[in-house]
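Here's the letter readout for the chains.
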2 protein chains.
Amino acid sequence: MVSIYDIAKAAGMSAATVSRALADNPKISRASRERIHRIAEEMGYRPNLLARNFRQKSSSMIGLITDDVSDELSGMIAKGVEQALREHGFTMLVRNVHHDSEIEQEAIDYFGDMQMDGVILADSTLDALADVPKTKLPFVLINRYCSAEDPISIVCTDDFAGGYDATEYLIQLKHRKIAYINGPEDWYSSIRRLTGYTEALGKHEIGYRADYIKHGNWFEDSGYRLALELFRSDDPPTAVFAANDMMAIGVIDAARECGLRVPEDVSVMGYDDRTIAKYARPRLTTISLPMFEVGMMAGHALCEMIAKGQMPDGKSDRLLVRGKVIERDTTAPYKAEPTIASETAQDFNK
Amino acid sequence: MVSIYDIAKAAGMSAATVSRALADNPKISRASRERIHRIAEEMGYRPNLLARNFRQKSSSMIGLITDDVSDELSGMIAKGVEQALREHGFTMLVRNVHHDSEIEQEAIDYFGDMQMDGVILADSTLDALADVPKTKLPFVLINRYCSAEDPISIVCTDDFAGGYDATEYLIQLKHRKIAYINGPEDWYSSIRRLTGYTEALGKHEIGYRADYIKHGNWFEDSGYRLALELFRSDDPPTAVFAANDMMAIGVIDAARECGLRVPEDVSVMGYDDRTIAKYARPRLTTISLPMFEVGMMAGHALCEMIAKGQMPDGKSDRLLVRGKVIERDTTAPYKAEPTIASETAQDFNK
DNA sequence: TAAAAGCGTGCAATCGATTGCAAAATCGCA
DNA sequence: TGCGATTTTGCAATCGATTGCACGCTTTTA
């Protein structure tokens, strides 16, 4: 490998001059600069980034900690982060931690030891807030729960708004009997989406019914099971809003099972706008989760922190990103008489 | 930041001793070792990996170049690579190159400059073979085309076997009129899958029919369009095999459009086993692409190269990984009389 | 014409950890 | 008690690039 010393020798100058010339330092005469550049080129010189970064005490890299990049949504976050970083001249190093706090801690330590310039923690279910600060690295959180008082930067998707918008969209469609199949009760996002749902109902003076609220486990199967309960009840809803796309697909299965047509007899909405929403039949109406933007924002926020002050200071920067209703084929305006449909359902179940 | 010198001072020993003690070098007396470890712990010592790697001329990192990790399949590759690397004590750095050869070149250079120990190039459409070797980095390719003579390591999914297995599976189901909707003609994987298809037909002495072979563009829409042509022809196939899941879903749409039931009237197969295959209705029978395993193998192969010889030597290590038929709900045994169905189709289209 | 200012370059230290070699300390055994 | 053998430890160089400071030379200014 050729180093600046080799170039210095070839050029008959000192390594210091070579270093400055290659950095286009104006202190070096134009003639020398050009000559050195030429020689470096000829000799196939490549800077040793480890040496440089070591000397500079900074690696120009930031770390992204995620549970699993191969998940579609995390992948979008990674892309967004990467794009933002690129603009600032940083490189991204990803570590999957698979919901394992030990691995997460290891990753954070590694990033610190590598003199990374910052860390982004994407929606792990873990609570590493206690650990990161002690590494003295600038960091920002994505979709993690933290109280508004925590002195950290965080960017989140607006779950409240998502729940609200979805519900209001269904109300706009004249639905009044709107059921909600939520995620597990102890998930932060579940709680927020539920709040949005009830808020929207309240705003439009629609009674809140406990029997229209169910808690699933995010999986298709639970959506199916809970929707079956809803559809077979005495007073079935005319629209079902599920807290993610997988459960929504379960809801559609349940509707089919009960002989209900989607969207003619029941409207169904999902949440997340994953690829499966587009490929479901009928195509699923859902709420988009702008993960790419979220990643970008987190990336920019981090770069900004690095550029100026450094550490997460007293101010809690809380950025909320709002998704949109993605209107597809599982929702339709409510029409008065679903009687035929329910008869069909009975026939079907006989 | 506390360095080994700080520890040395605190312990009243030399930095050399501290370095060795922390590395558990048996040359250092047990007593000293333990004392130094304790002091290091107390002082919150963390090794500076940039310094270490710089000295060692190796970063213990390998780079993964992929078009886009947020793609489900690339994501699986990344996970596999990461797992393999973890076992060997390496860390993975991912760079998305988005099918851009300039970015790819930049990424390769960056990896070289960072003194990475190796590179894995995952299915980019580009031909960087000319560039990588000159960086003198060990590397392995994933799903890239290269002739058997190239002196490099490569791991691929076995497209030929996939095409063959899918076709044979349909033949097993007594289908004789099997159409194939391929990807673009100039894709290596398209060609191989097609060869597998024709080979399987030949093996079972089923005539090869040019009108049963179509070329799509991987997207849903092209599957739909081409399947429509097939179903409306004079002699429609009883089974359609599409070269990926997206097109297969288009095929199902086309079948529905023609009043054909899947799988009762036509069987449909996809390829890739993406998440959408599981969420399609009916659930799509398809060929799995064991990307996780592929990633693992590539990771291990690279680590092996790094561990022993280094550079890709004369021997071309070509590993083929075979997918499996994932049997779901879009395929069924052929039954003699689909006449009713085609009448329905005509009614439907009137 | 001498002093001041400016330009271009080199010296040498530095970042933190590792490691070959030599020196010092300890031990064993006669 | 003494000397070689063995165990522990330290010295100093090294990896490659960067940078504060100073030196020498040229140009400008008074």
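Heads up: the structure comes first, above all this text.
Note that the coordinates shown come from a computational prediction; the quantities given were computed from them, not determined experimentally. (Residues numbered from 1 in each chain as written. Chains lettered and ligands numbered in written order. Predicted model: local features only at pLDDT ≥ 70, side-chain atom pairs only at ≥ 80, totals over all residues. Heavy atoms only, no water.)

1. Structural notes on the nonpolar core
The test is simple: Take the buried residues of types Ala, Val, Leu, Ile, Met, Phe, Trp, Tyr and Cys, join any two whose side-chain atoms come within 4.5 Å, and each joined set is a nonpolar core. Relative accessibility decides the category of a residue: with a 1.4 Å probe and only protein chains considered, values under 20% of the type maximum give buried, values over 50% give exposed, and everything between is partly exposed. Any pair of residues with heavy atoms lying within 4.5 Å of one another is described as a contacting pair.
Counting 133 residues, the largest nonpolar core has I181 and F231 of chain A together with I181, Y197 and F231 of chain B as the members making the most contacts within it. In contact with I181 of chain B, other than residues within four places in its own chain, are K214, G216, G223, L226, A227, L230, V240, F241, A242, A243, M247 and V251 of chain B. Listed in part, the 41 residues of the second largest apolar core include V119 of chain A together with L93, V97 and F139 of chain B.

2. Some thoughts on the relation of the copies chain B and chain A
Superposition of the two copies of the chain requires a rotation about an axis together with a shift along that axis. Selection criterion: The fit set for superposing copies consists of C-alpha atoms from residues with pLDDT of at least 70 in both; the fit itself is least squares.
Screw-axis analysis of chain B against chain A gives a translation of 0.0 Å along the axis, an RMSD of 0.1 Å, and a rotation angle of 180 degrees. Here the two chains are linked by the operation of a two-fold rotation axis. Residue by residue, 100% of the interface of chain B is reproduced at the interface of chain A, so both copies engage with the same surface.

3. Section: the interface of chain B and chain A
Defined as follows: Once two parts are put together, the accessible area they lose, assessed with a 1.4 Å probe and summed over both, is termed the buried area. The salt bridge definition used is simple: a Lys or Arg side-chain nitrogen within 4 Å of an Asp or Glu carboxyl oxygen. Here a polar contact means two N or O atoms within 3.5 Å. Within protein one must be a hydrogen donor candidate and the other an acceptor candidate, and residues neighboring in sequence count only if both atoms are side-chain atoms. Helix numbers and strand numbers start at the N terminus; a helix is a DSSP run of H or I with at least 4 residues, a strand a run of E with at least 2. For this scheme, ten residues count as nonpolar: Ala, Val, Leu, Ile, Met, Phe, Trp, Tyr, Cys and Pro. Four count as charged, namely Asp, Glu, Lys and Arg, and the remainder, Gly too, count as polar.
Counting residues at the interface gives 43 residues for chain B, matched by 43 residues for chain A. Approximately 4200 Å² of surface area, both sides summed, lies buried where chain B meets chain A, with 57% of it carried by carbon and sulfur atoms. At the junction of chain B and chain A, the tally comes to 14 salt bridges. Between K79 of chain A and D68 of chain B there is a salt bridge; the shortest N-O distance is 3.3 Å. Counting every contact that joins chain B to chain A gives 16 residue pairs in polar contact (both at pLDDT 80 or more). The set of elements that each furnish at least two residues to the side of chain B that touches chain A consists of α4 (49-56), α5 (72-88), β2 (91-96), α6 (101-113), α10 (245-257) and α11 (275-279) of chain B. It is β2 of chain B that provides the largest number of residues to the side of chain B that touches chain A, a total of six residues. Its residues assigned to classes, the side of chain B that touches chain A shows 18 nonpolar, eleven polar and 14 charged.

4. Notes on the sheet that holds strand β6 (residues 178-182) of chain B
Residue and element names in this part refer to chain B. Rules: Pairing between strands is defined by DSSP: at least two bridges between them are needed. Angles shown run from 0 to 180 degrees and are taken between the N-to-C directions of axes, each axis being a line fitted to C-alpha atoms and, for helices, limited to the stretch in contact.
In space, the four strands of this open sheet follow the order β7-β6-β8-β9, with parallel pairing throughout. Two strands in the sheet have a free side with no partner beyond their single neighbour: β7 (213-215) and β9 (267-269). Strand-to-strand twist in this sheet, taken as the mean axis angle between neighbours without regard to direction, amounts to 15 degrees. Strand direction decides the pairing type here: β6 and strand β8 (residues 239-242), joined by four bridges, are parallel. Note that in β8 the partner of A179 across the bridge is V240. Sitting on the sheet, helix α8 (residues 188-203) is in contact with β6, β7 and β8, with an inclination near 170 degrees to β6.

5. Concerning the protein's contact with DNA strand C
To be explicit about the condition: In these notes, residues near a molecule or strand are those with any non-hydrogen atom within 4 Å of it.
Around DNA strand C, the structure places 28 residues, and the nearest of them are T17 of chain A together with I4, Y45, R52 and R55 of chain B. At the protein interface, 58% of the atoms of DNA strand C within 4 Å belong to sugar or phosphate. Between DNA strand C and S32 of chain A, the relevant distance is 2.7 Å, taken from a phosphate oxygen to a side-chain nitrogen or oxygen of the residue. Within the side chain of R52 of chain B, one N or O atom sits 2.6 Å away from a phosphate oxygen of DNA strand C. Those elements that place two or more of their residues in the surface near DNA strand C are α2 (15-22) and α4 (49-56) of chain A together with α1 (4-11), α2 (15-22) and α4 of chain B. The dominant element in the surface near DNA strand C, judged by the number of residues it contributes, is α4 of chain B, at five residues.

6. Some remarks on helix α9 (residues 220-231) of chain B
Quick note on the threshold: Each helix should span, by expectation, one fewer than its residue count multiplied by 1.5 Å.
With twelve residues, α9 of chain B should cover 16 Å at 1.5 Å per step; its first-to-last C-alpha distance of 16 Å lies within 8% of that length. Contacts from the buried residues of α9 of chain B go to α11 (275-279) of chain A together with β6, β7, β8 and α10 of chain B.

7. Examining the pattern of salt bridges
Applying the stated criterion across every chain yields a total of 48 salt bridges over all chains. A salt bridge links R283 of chain B to E220 of chain A, with the shortest nitrogen-to-oxygen separation between them at 3.5 Å. One end of the pair, R283 of chain B, is in the loop between α11 and β10 (286-287); the other, E220 of chain A, is in helix α9 (residues 220-231), on a second chain. Judged by relative accessible area, E220 of chain A falls into the buried class, the value being 16%. R274 of chain B serves as the salt-bridge partner of D71 of chain B, at 3.3 Å between the closest nitrogen and oxygen. With D71 of chain B in the loop between β1 (61-66) and α5 and R274 of chain B in the loop between β9 and α11, the pair connects residues that are 203 residues apart, well separated along the chain. Linked through salt bridges whose partners overlap, the residues forming this network are E220, D253 and R256 of chain A together with R281, R283 and D329 of chain B.

8. Observations concerning the packing of α1 of chain B against α2 of chain B
Residues and elements named next belong to chain B. Where we set the bar: If an angle is under 35 degrees, it is roughly parallel; if it is over 145, roughly antiparallel; if it lies from 65 to 115, roughly perpendicular; otherwise it is oblique.
Their axes nearest at 8 Å, the elements α1 and α2 cross at an angle of 105 degrees. By the criterion of interaxial angle, the relationship of α1 to α2 is roughly perpendicular. Here I4, Y5, I7 and A8 of α1 lie close against α2, whose contacting residues are A15, V18, S19 and L22. Along the lines of polarity and charge, the residues of the contact of α1 with α2 split into seven nonpolar, one polar and no charged.

9. Focus on the packing of aromatic side chains
Counted only if it meets this: Working definition: a ring pair exists when centres of Phe, Tyr or Trp rings (six-membered ring for Trp) sit within 6.5 Å. Plane angles under 30 degrees give stacked, over 60 give edge-to-face, the rest tilted. In this analysis the charged atom, NZ for Lys or CZ for Arg, is taken to sit over a ring once it is within 6 Å of the ring centre and within 35 degrees of the ring normal.
Evaluation of the coordinates by the stated rule reveals 13 aromatic pairs over all chains. With a centroid separation of 5.5 Å and 75 degrees between ring planes, the pair formed by W187 of chain B and W218 of chain B is classed as edge-to-face. With W187 of chain B in the loop between β6 and α8 and W218 of chain B in the loop between β7 and α9, this pair connects stretches of sequence that are 31 residues apart. What makes W218 of chain B buried here is its relative accessible area of 14%. A cation sits over an aromatic face here: R209 of chain A above Y212 of chain A, 3.9 Å from the ring centre. Over the aromatic face of Y110 of chain B sits the side chain of R95 of chain B, whose NZ or CZ is 5.3 Å from the ring centroid.

10. Notes on the sheet that holds strand β4 (residues 139-142) of chain B
All names here are of chain B. Strands sit in the order β2-β1-β3-β4-β5-β11 across an open sheet of six strands; the sheet is parallel. One side of each edge strand has no neighbouring strand; the edge strands of this open sheet are β2 and β11 (318-321). Ignoring strand direction, the axes of neighbouring strands in this sheet form an average angle of 20 degrees. Strand direction decides the pairing type here: strand β3 (residues 118-122) and β4, joined by four bridges, are parallel.

11. Some words on the packing of helix α7 (residues 159-172) of chain A against helix α8 (residues 188-203) of chain A
Residue and element names in this part refer to chain A. Definition in use: Two helices that cross are described as forming a left-handed crossing if the nearer one is turned anticlockwise from the farther one by less than a right angle, and a right-handed crossing if clockwise.
Remark: α7 packs on α8, axes separated minimally by 7 Å, with the N-to-C direction vectors making an angle of 40 degrees. Classified by the interaxial angle, the pair formed by α7 and α8 is oblique. Pair α7 / α8 crosses with right-handed handedness. Every residue of α8 that contacts α7 at D159, F160, G163, Y164, T167, E168 and I171 is listed here: S189, R192, R193, T195, G196, Y197, E199, A200, L201 and K203. Counted by class, the contact of α7 with α8 contains six nonpolar, five polar and six charged residues.

12. Topic: the pairing of strand β5 (residues 153-157) of chain B
All names here are of chain B. Of all five residues in β5, five are buried, a share of seventy percent or more. Across the two faces of β5 the burial is the same, with S153, V155 and T157 and I154 and C156 all buried. Here β4 pairs with β5 via three bridges, running parallel. Along β5, the bridge assignment pairs L141 with I154. As paired strands, β5 and β11 are joined by four bridges and run parallel to one another. Within β11, the position partnered with T157 by the bridge is V321.

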